[in-house]
Amino acid sequence: MAQSQTFTVDVKRPSQFTGRSVQSGLPVTLPLDTLEDLFYWEPNDSLDKGQSYTVAIIPHCPKVVPSNGVKTLVCHDMKGGYLEDRFVQGFKSDKPVGYHIQYWSGIDIFVYFSHHFITIPPVGWINAGHRNGVTVLGTFITEWTEGAKRCREFLSCEALWKATANRLVDIAKFYGFDGWLLNFECAIEPSKVEALQQFVKYLRDQMHLLDKNAKVIWYDSVTCDGTLAWQNELNDKNRCFYEVSDGIFLNYTWTEKQLENSRKASTTPDSVYVGIDVFGRGCFGGGGFNTSQALAVARRHGLSAAIFAPGWVYEEFGADKFAAENERFWKLLRNLTPNYQLAVGSLSTQFCPGYGQKRDPNGVRGQHWYCLNWQDTMPRLTDHMLKLSISESGNYLAVVKPRSGQKHQQREMADGTVSTPELMTAPLFELKMTSSSDGSVTVNAKAWNDWPLPKLKLLTDVGECEIILGSAGTRKSGDFVVEDLVNDCNIISRCIKHPKVFCIESMKAIVDINEKRVTFLEVLPGRHVPKQPIIAPAPLTCTFIDWSVDQVHQKMLLLSCSLNFIKMPRNTQHSEILFRLGSNSSNLLGGAAVSDFVNFGRAYTDRFRVHELSINNPKFEGPDCFVEFLVRHVGPANMTLSEGRISVKYAENI
């Protein structure tokens, strides 16, 4: 039976869901603009009802990183920042919206950038980056006259610059991101330069105590005498800040000679990030689709790179053309960026890019949506030609790869893809999976040309096995025995191997037959195959209830409330929220079937804000109305760990 709370409708009562992290009744991530904002900020602020919704819960996924390899930093700069991405629970629109990154496999560090004093990355960017093994940084920036005044204040004494650094550490810890880009775009008084160096070193050291993999990156702006003078290289004029940070982000108007100087001056070349402005302002190659030219020069000198403002693609071509042009942009870079593999023991992904378009039961497309919290583990870029297919529930990479021993003849189809009888076109997801005792496996999930079901190729240290999903019987290849089971669109393959060899116990792919694409892929190693746990009860509470009259449908009310999840299972990856309506509370007694509920949303923290849910009006439906919520906490392999129900019974205020 559901827990129950009873309320009286009061449409005149002001909203109780307020605070700096609330806009339009919904939780948002916002920056801090002054020193006063920074020092007044505190975690778990009781006056800021939206703050606790903005905390990232996805841990940083490890990946296979070559030692002493060059790195790629991507610095977000999109129309000032804090656009649709600031809404924690997503954004809806009648047209496509929302800049995003989905080619994470070539990125080491992502910086959320804006011109606000303290730029806190929106939680969706943190979760998306962490799922894909990327370090996420915020930005600390001081600019021009106001910035110089701010620097004089916080560098005036040791107590203040330590307090500033400590608060930056607290912010990163609370929101769940991994460090800071420091951008001082103002002159520093010579008497304050030593204090600035101490501030940078102290912040770096404190962040490393919080997380050994944290990063504090210095931007090439202020020199060691306090002058604002961009050097475009690492030299004796800015070395003092390089030595107390985790790396330097060079300005964009460098020459090859300056890159050569930077390499010679560096202690580790991979800690020098060559700035590349995609807008092309004085940058080698002129930016845009020539960004690859500048990146190639940085790589030739053995240096890391900092790609600034790849949102140029979105601003230049608009939302409608963004997907195709963004693919074009990243394809030009893919051979110049490390293509990392995630070092995980299992995988579960729907390839959701974090945006899409809803459909009604008849398949008619409706509102566009954008929510980076929903973005899944994304496919790696490959050396093959790519075709990206995007839908409301996921995407895949189609790889155009020549068949062995056949010619490379190509012809362009009407939709712009390349195809010929000599070529095989197939979606691809590649993942390196490791086991502490049994070695590693690389998984390539492939799909169709003219609809054979996908193929799965397993590469191990003892051989290769190709599984053709959907085929009957078993196949043998070396020491492998493969059994294929097909049930409608749910495809499960099991690989049974020699006991001393690492094996994949199960692979599950859900295929959309109409659109011919993989919408879900799950790969689990043998000893990590989880069993469905007994579903535990999940206590819930409902707070901050606000009522209003639906101006479109006068016979309906609008309900806003906060659902709070008590004692979530530790390995919860997200929580699904469903609801149902009724006008006779006796319907609550027996417990409704799950099929009676309608999906409403998904939470990535320990609470969810229901906003303006249209419900029955007791003035017209009777005095005994209710809305019942069902919350499911979902863990690895998409298993339900616990679930709970809570009903809100309400009556008209007479």
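All chains use their own residue numbering, which begins from 1 and follows the written sequence. Reporting in this predicted model follows two pLDDT cut-offs: at least 70 for local features of residues, and 80 or more for side-chain atom pairs to be given and counted; totals over whole chains, interfaces and linings ignore these cut-offs and use all residues. The basis for every side-chain value is the complete set of heavy atoms in the structure, and neither hydrogens nor water enter the calculation.

J.: Help me out: how do you make sense of the overall build of the chain in this one?
T.: Strands are runs of DSSP state E lasting at least 2 residues, helices are runs of H or I lasting at least 4, and numbering of each runs from the N terminus. For the chain, the helix and strand inventory stands at ten helices and 39 strands. Counting over 654 residues, the chain shows a buried share of 54%. A contact between two residues is defined here by any heavy atoms of the two lying within 4.5 Å. Across the chain, the fraction of contacts at a sequence separation of at least 24, relative to all contacts at a separation of at least 6, is 68%. Only the protein chains shown count as cover for residues, with accessible areas throughout obtained via the Shrake-Rupley method and a probe of 1.4 Å. Surface summary for the chain: the accessible area is close to 28200 Å², and the carbon and sulfur share equals 50%. Note on classification: 1.4 Å probe, protein chains only; a residue is buried when its accessible area is under 20% of the maximum for its type, exposed when over 50%, partly exposed between these limits.

J.: I would appreciate a short explanation of the pairing of strand β39 (residues 640–651) in the present structure.
T.: Within a regular beta strand, the side chains point alternately toward one face of the sheet and then the other, so they alternate between its two faces. In terms of residue burial, β39 counts as a mostly covered element, since nine of its twelve residues are buried. Bridge count for strand β32 (residues 536–537) against β39 is two bridges, and the pairing is parallel. Within β39, the residue paired with alanine 536 across the bridge is serine 642. Pairing between strands is defined by DSSP: at least two bridges between the two strands are required. Judged from the ten bridges that link them, strand β38 (residues 625–634) and β39 form a sheet pairing that is antiparallel. Directly across from valine 627, in β39, lies its bridge partner valine 648.

J.: What's the story with the packing of aromatic side chains in this structure? I'm lost.
T.: Aromatic ring pairs are reported here in terms of the distance separating the ring centres and the angle at which the planes meet. Working definition: a ring pair exists when centres of Phe, Tyr or Trp rings (six-membered ring for Trp) sit within 6.5 Å. Plane angles under 30 degrees give stacked, over 60 give edge-to-face, the rest tilted. All chains considered together, the criterion is met by 38 aromatic pairs. Look at phenylalanine 249 and tyrosine 252: their rings are 6.0 Å apart centre to centre, the planes differ by 90 degrees, and that puts the pair in the edge-to-face class. Neither residue differs from the other here; phenylalanine 249 and tyrosine 252 are each classed as buried. Centroid distance tryptophan 312 to phenylalanine 317: 5.9 Å. Interplanar angle 85 degrees. Geometry classified as edge-to-face. Note on tryptophan 312: relative accessible area 12%, which makes it buried. Comment: the charge-over-ring label is applied if NZ (Lys) or CZ (Arg) is within 6 Å of the ring centre and within 35 degrees of the ring normal. The ring of tryptophan 374 has arginine 602 lying over it, and the distance from NZ or CZ to the ring centre is 4.3 Å. Its guanidinium or amino end placed over the ring of phenylalanine 17, arginine 609 lies 4.0 Å from that ring's centre, counting from NZ or CZ.

J.: Please explain the nonpolar core as it appears in this structure.
T.: Buried together is how nonpolar side chains tend to be arranged in soluble globular proteins. Residues belong to one nonpolar core when they are buried, are Ala, Val, Leu, Ile, Met, Phe, Trp, Tyr or Cys, and are joined through side-chain atoms within 4.5 Å. If you look at the biggest cluster of nonpolar residues, it comprises 108 residues, and the most contacted ones within it are Trp180, Phe184 and Phe199. Excluding residues within four positions of it along the chain, phenylalanine 184 makes contact with Phe140, Thr142, Cys151, Phe154, Leu196, Phe199, Trp218, Ser221, Val222 and Leu228. Membership of the second largest hydrophobic core comes to 24 residues, among which are Cys561, Leu563, Phe608 and Ile615.

J.: Hey, could you run me through the environment of methionine 639 in this one?
T.: The residue methionine 639 is located in the loop between β38 and β39 in this model. Using a relative accessible area of 15% as the deciding quantity, one classes methionine 639 as buried. With 104 residues separating them along the chain, methionine 639 and isoleucine 535 place their C-alpha atoms 9.3 Å apart.

J.: Where do I start with helix α4 (residues 158–175) in this structure?
T.: Side chains of residues three or four places apart in an α-helix project in the same direction, reflecting 3.6 residues per turn. For α4, built from 18 residues, the straight-helix expectation of 26 Å at 1.5 Å per residue is met to within 8% by its first-to-last C-alpha distance of 26 Å. For α4, the complete set of buried residues consists of Trp161, Thr164, Ala165, Leu168, Val169, Ile171, Ala172, Phe174 and Tyr175. Residue glycine 176 follows α4 closely and has a positive phi angle near 90 degrees. Multiplying one less than the number of residues by 1.5 Å gives the expected span of a helix.

J.: Honestly, the pairing of strand β5 (residues 72–76) in this entry has me stumped. Any pointers?
T.: Here β5 lies mainly inside the structure; five of its five residues are buried. Across the two faces of β5 the burial is the same, with Thr72, Val74 and His76 and Leu73 and Cys75 all buried. In the sheet, β5 pairs with strand β14 (residues 304–308) via four bridges, with the strands oriented parallel. Its bridge partner lying in β14, cysteine 75 is registered against phenylalanine 308.

J.: How should unusual backbone geometry be read in this particular structure?
T.: Excluding glycine, residues mostly have negative phi values, and the peptide bonds linking residues are mostly trans. The residue tyrosine 82 is not glycine, and still its phi comes out positive at about 55 degrees. Secondary-structure assignment places tyrosine 82 in the loop between β5 and β6 (91–93). Of note in this structure, glutamate 612 is not a glycine but carries a positive phi near 50 degrees. As for its position among the elements, glutamate 612 is in strand β37 (residues 607–616). Glutamate 612 sits in the partly exposed class, given a relative accessible area of 43%.

J.: Mind showing me how you'd approach the state of the cysteines here?
T.: By definition, a disulfide links the sulfur atoms of two cysteine residues through a covalent bond. Disulfides are defined as pairs of cysteine sulfur atoms found within 2.5 Å of each other. In this structure the tally under the stated criterion is one disulfide. What pairs with cysteine 224 in a disulfide is cysteine 240, and their sulfur atoms sit 2.1 Å apart. Taking the sign of the S-S torsion, -115 degrees for the link of cysteine 224 and cysteine 240, the bridge is left-handed. Residue cysteine 224 is located in the loop between β11 (215–219) and α6 (239–242), and its partner cysteine 240 is located in helix α6; the two are separated by 16 residues in the primary sequence. No disulfide involves cysteine 151; its sulfur sits 3.9 Å from that of cysteine 186, the nearest cysteine. The class for cysteine 151 is buried, based on a relative accessible area of 3%.

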